[in-house]
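Each chain, letter by letter, is given below.
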Amino acid sequence: MSELRATISRVFGFDTLRPLQEEAMEATLAGRDVLLVLPTGGGKSLCFQAPALVRAGLTVVVSPLISLMKDQVDGLRGYGVAAAMVNSAQDPAERSSAFDALRQGDLELLYVAPERLVMDGFQATLAAANPVAFVVDEAHCISHWGHDFRADYRQLGRLRERFPGVSLFACTATATERVRSDVREQLGLRDAVELVGSFDRPNLTYRFLPRSDRARQVLQVLSRHDGEAVIIYALRRTDVDKLAADLQARGVNALPYHAGLPDEDRKRNQEAFLREECDVVVATVAFGMGIDRPDVRCVLHASCPKSVEHYLQESGRAGRDGDPAECVLLWSGADYQGWRSLIDQSGQHDDHDPAIERLNEVYRLASGASCRHRSLVTHFGEAWTKEQCGACDVCLGEVPELEDATVIAQKILSCVHRVRQKFGAAHVVDVLRGADTEKIRRMGHDQLSTYGLLSDLDQTSVRLAIDQLVAKGYLGVADGKFPTLALRAEAGPVLRGEQDVMLLAPPRPPQKKRRRAVSGGGGGSDPTKEDLGVGDFVVFEDLRDLRREIASERGVPPYLIFADRTLVLLALHRPQTDGALLDIKGIGERKAADLGPRFLERLREHATEAQADAETEGVD
Ligand code: ADP
Ligand code: ZN
């Protein structure tokens, strides 16, 4: 292990390990089979890459996505590791040079697509190269129960027969036991060391807000992420196009992404995001697979997704680098309605249909008022003991409860009864608030006993209360020509005063952060961009420009040059020598040699400027 730690520090520039990384590496170096389950951003790659460098022989990595494969190989080469890939999308010259390296035994890591790995001819070439370990990345793709089943992954079970002495290393971010046992069985893992990490992502701050004015709410969130990478998810292509256009009109550097765009536009927009030429992508869920940008600072759902699993996967694209990031979910009764009618169109369904159950779950989760970290983690069967997470809108005190919620609920429920369960939410809101509309006069609803009962509340609060009563199952939505509100049996005890109801008031906007004049704070952990004072922030932004410049010269995404966190440390410490450079986390020998001169030069310019400033101000 000490050799391994030294290698990790020298090559990758990391001096500490993340949870379960040590256990996983120890087990695989001992020749054991390993099943490693860590959430996105948990640091799975290091667990098989670092052992591959200290152990003699070749490590073969199976990866389902060519774009991810290319990123990983480019990244490894940047660290000076002998890595190559073989897949159908690469040009023939590149492929044959990979084969040459393989035959000559020059490689430490070889990435291959699953369909290639199971070819007999390829297996013979591999056998001659004496592989010592196989890594199956995204191992859940082997299971029918996973959400990304791939037929060619099924064939990987044959590896064990063909290479009985080689150890297997499977990793995934999918948590369910059913998928895990399927992976063990299909791959033929032997007495595998199974390591399952926590699914909590402490660096993510969750905010689940009722949607009132989409464009305004989105802009409010974006104002907290000026110049940072943000992914906005919407349900329909038309929502994507409209929101992207709205944002562009307000000067936000945003691009759309969905399956309806011409291929080349879609590709160009994705590339622009990866290359940091655009900050904000507005997308349908088609955007995400293969997006490895680690410094996404915010994932904003402009509509509620269709299951908690989907939410966790999509929001998990924020903060993969471990630095603070925000996940905002805007939910509304309209989304629920939209999904319900999609499901209903596909045949006969009752409330116990799995798709509807999943929808109810995510809707309850979104509209609930308990700690977001707690509700996500316990949804996946993990225990949660913290009283306060300090990183969600509930624990941060941004979600006020509605006063007299039970009485308000009773008024709403009786109004639905009085309008004979024949009207939708908007009309019920009008009646309760005592509005003077043509429809109310025509229907004589100004004569109802519930007319004007909630005139002291604003429209948003009443609408939100109704949405919550639907989410909690007291009200149903009957789907005729127009969706109408109907009482469900659960409403009885509330109307009879036998049961209390808790409802939320519209959220308070979070406190806006202000950059400090001087760097500091952050406590014991690594400093992040938030800890930079104004002066250091300027240097950080300048180093970011340099990173972008080098990345575009080399045709790779900027994050493969240096992580944000490394730039933060450079801006804070401003090393002036090679030795000082190597003390920065994330800079190993190879990166120091390769990129050091240009970054040192840039830092020296800042040092000279600072000197000149100090002199003109007469400060020593
Ligand atoms: P996963 O594959 O589990 O989603 P990655 O392997 O892509 O996660 O790692 C996420 C990020 O964390 C990468 O930028 C990686 O360089 C970084 N990382 C991994 N291990 C460490 C560590 N021990 N210390 C610091 N950063 C790490
Ligand atoms: Zn919380």
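For the structure itself, consult the block above.
How each quantity is defined
- Residues numbered from 1 in each chain as written.
- Chains lettered and ligands numbered in written order.
- Predicted model: local features only at pLDDT ≥ 70, side-chain atom pairs only at ≥ 80, totals over all residues.
- Heavy atoms only, no water.
- Helix = DSSP H or I, 4+ residues; strand = E, 2+ residues; numbered from the N terminus.
- Rg over C-alpha atoms; globule rule 2.2 N^0.38 Å.
- Buried < 20%, exposed > 50% of the residue type's maximum accessible area, 1.4 Å probe, protein only.
- Contact = heavy atoms within 4.5 Å.
- Areas by Shrake-Rupley, 256 points an atom, 1.4 Å probe, with all protein chains shown as cover.
- Lys, Arg positive; Asp, Glu negative; His and termini not counted.
- Charge placed at Lys NZ, Arg CZ, Asp CG, Glu CD.
- Axes fitted to C-alpha atoms, helices over the stretch in contact; angles between N-to-C directions.
- Parallel < 35°, antiparallel > 145°, perpendicular 65-115°, else oblique.
- Left-handed = near helix turned anticlockwise from the far one by under 90°.
- Nonpolar A, V, L, I, M, F, W, Y, C, P; charged D, E, K, R; others polar.
- Near = heavy atom within 4 Å.
- Polar contact = N/O pair within 3.5 Å; in protein donor to acceptor, adjacent residues only side chain to side chain.
- Disulfide = S-S within 2.5 Å.
- Core = buried A, V, L, I, M, F, W, Y, C linked by side-chain atoms within 4.5 Å.
- Donors = N, O, S within 2.8 Å, 3.2 Å for Na, K, Ca; no water.
- Tetrahedral: all angles 85-135°; square planar, octahedral: opposite > 155°, others 65-115°.
- Salt bridge = Lys/Arg side-chain N within 4 Å of Asp/Glu carboxyl O.
- Pairing = 2+ DSSP bridges.

## Some details on the overall build of the protein chain
In terms of helices and strands, the protein chain carries 26 helices and 15 strands. The C-alpha atoms of the protein chain give a radius of gyration of 28 Å, which matches the 25 Å a tight globule of 620 residues would have. With the principal axes as the frame, the protein chain shows a C-alpha extent of 90 × 75 × 50 Å. Buried residues in the protein chain amount to 52% of all 620 residues. Relative to all contacts within the protein chain whose residues are 6 or more apart in sequence, the contacts with residues 24 or more apart total 70%. Summing over all exposed atoms, the protein chain offers an accessible surface of approximately 27600 Å²; the carbon and sulfur share of this is 49%. With 77 positive and 92 negative side-chain charges, the protein chain shows a spacing of 4 Å between the two charge centroids.

## Things to note about the packing of helix α18 (residues 405-418) against helix α19 (residues 425-432)
Remark: α18 packs on α19, axes separated minimally by 10 Å, with the N-to-C direction vectors making an angle of 115°. One element, α18, and the other, α19, form an angle in the roughly perpendicular class. Both α18 and α19 take part in a crossing whose hand is right-handed. Together, K411, I412, C415 and V416 of α18 and V428, V431 and L432 of α19 make up the contact between the two elements. When grouped by side-chain class, the residues that make up the contact of α18 with α19 number 6 nonpolar, no polar and 1 charged.

## A look at the site of ligand 1
Taken together, 14 residues are adjacent to ligand 1, and T16, G41, K44, S45 and R320 come closest. One of the side-chain N or O atoms of Q21 is found 3.0 Å from a nitrogen atom in ligand 1. Residue R320 places a side-chain N or O atom 2.9 Å away from an oxygen atom belonging to ligand 1. Notes on ligand 1: free accessible area 570 Å², of which the protein chains cover 81%. Top contributing element to the shell around ligand 1 by residue count: helix α3 (residues 44-54), with 3 residues. Looking at side-chain class alone, the shell around ligand 1 contains 4 nonpolar, 7 polar and 3 charged residues.

## Some thoughts on the state of the cysteines
Evaluation of the coordinates by the stated rule reveals 0 disulfides. The cysteine C171 is free of any disulfide, with C47 supplying the nearest cysteine sulfur at 7.9 Å. C327 takes part in no disulfide bond, and the closest cysteine sulfur, belonging to C298, lies 7.1 Å away. Take C327: its relative accessible area is 0%, and that puts it in the buried class.

## Considering the nonpolar core
Within the largest apolar cluster, 106 residues are counted, with the highest numbers of intra-cluster contacts made by L110, L117, L126, L570 and F599. The element that contributes the greatest number of residues to this core is helix α23 (residues 534-554), accounting for 7 residues. Grouped together as the second largest cluster of nonpolar side chains are 34 residues, C47, A50, A83 and M85 included.

## Here's the deal with unusual backbone geometry
Here N130, not a glycine, exhibits a phi torsion of approximately 55°, which is positive. Position of N130 relative to the elements: it lies in the loop between α7 (120-128) and β5 (131-136). You can call N130 exposed: its relative accessible area is 57%. In this structure, D191 is a non-glycine residue whose phi angle is positive, near 45°. The exposed category is assigned to D191, whose relative accessible area is 61%.

## Quick notes on the coordination of the zinc ion (ligand 2)
Listed as protein donors to the zinc ion (ligand 2) are C371 (SG), C389 (SG), C392 (SG) and C395 (SG); their distances from the metal cover 2.2 to 2.4 Å. Coordination at the zinc ion (ligand 2) comes from 4 donor atoms whose angles at the metal span 105 to 117°, giving a geometry best classed as tetrahedral. Taken in chain order, the donor set of the zinc ion (ligand 2) reads C-x17-C-x2-C-x2-C. Placement of C371 in the loop between α16 (354-367) and α17 (372-379) and of C395 in the loop between α17 and α18 is noted, with a sequence separation of 24 residues between them. Neither residue differs from the other here; C371 and C395 are each classed as buried.

## With respect to the pattern of salt bridges
Applying the stated criterion across every chain, the model contains 40 salt bridges. Among the salt bridges present, the one from D263 reaches R266, with a minimum N-O distance of 3.0 Å. Of this pair, D263 and R266 both sit in helix α13 (residues 263-274), 3 residues apart, roughly one helical turn. D263 gets classed as exposed once you look at its relative accessible area, which sits at 52%. As a salt-bridge pair, D265 and R268 come within 2.8 Å of each other at their nearest N and O atoms. With a gap of 3 residues between them, D265 and R268 both fall in helix α13, about one helical turn apart.

## Looking at the pairing of strand β2 (residues 58-62)
Each regular strand displays side chains that alternate between the two surfaces of the sheet. Counting buried residues along β2, 5 of its 5 residues qualify, which places the element largely inside the surrounding structure. Of the two faces of β2, the one holding L58, V60 and V62 and the one holding T59 and V61 are both buried throughout. For β2 and β5, the ladder comprises 5 bridges, and the chain directions are parallel. Looking at the pairing, V61 lines up with V135 of β5.

These figures come from the coordinates and say nothing about function on their own.
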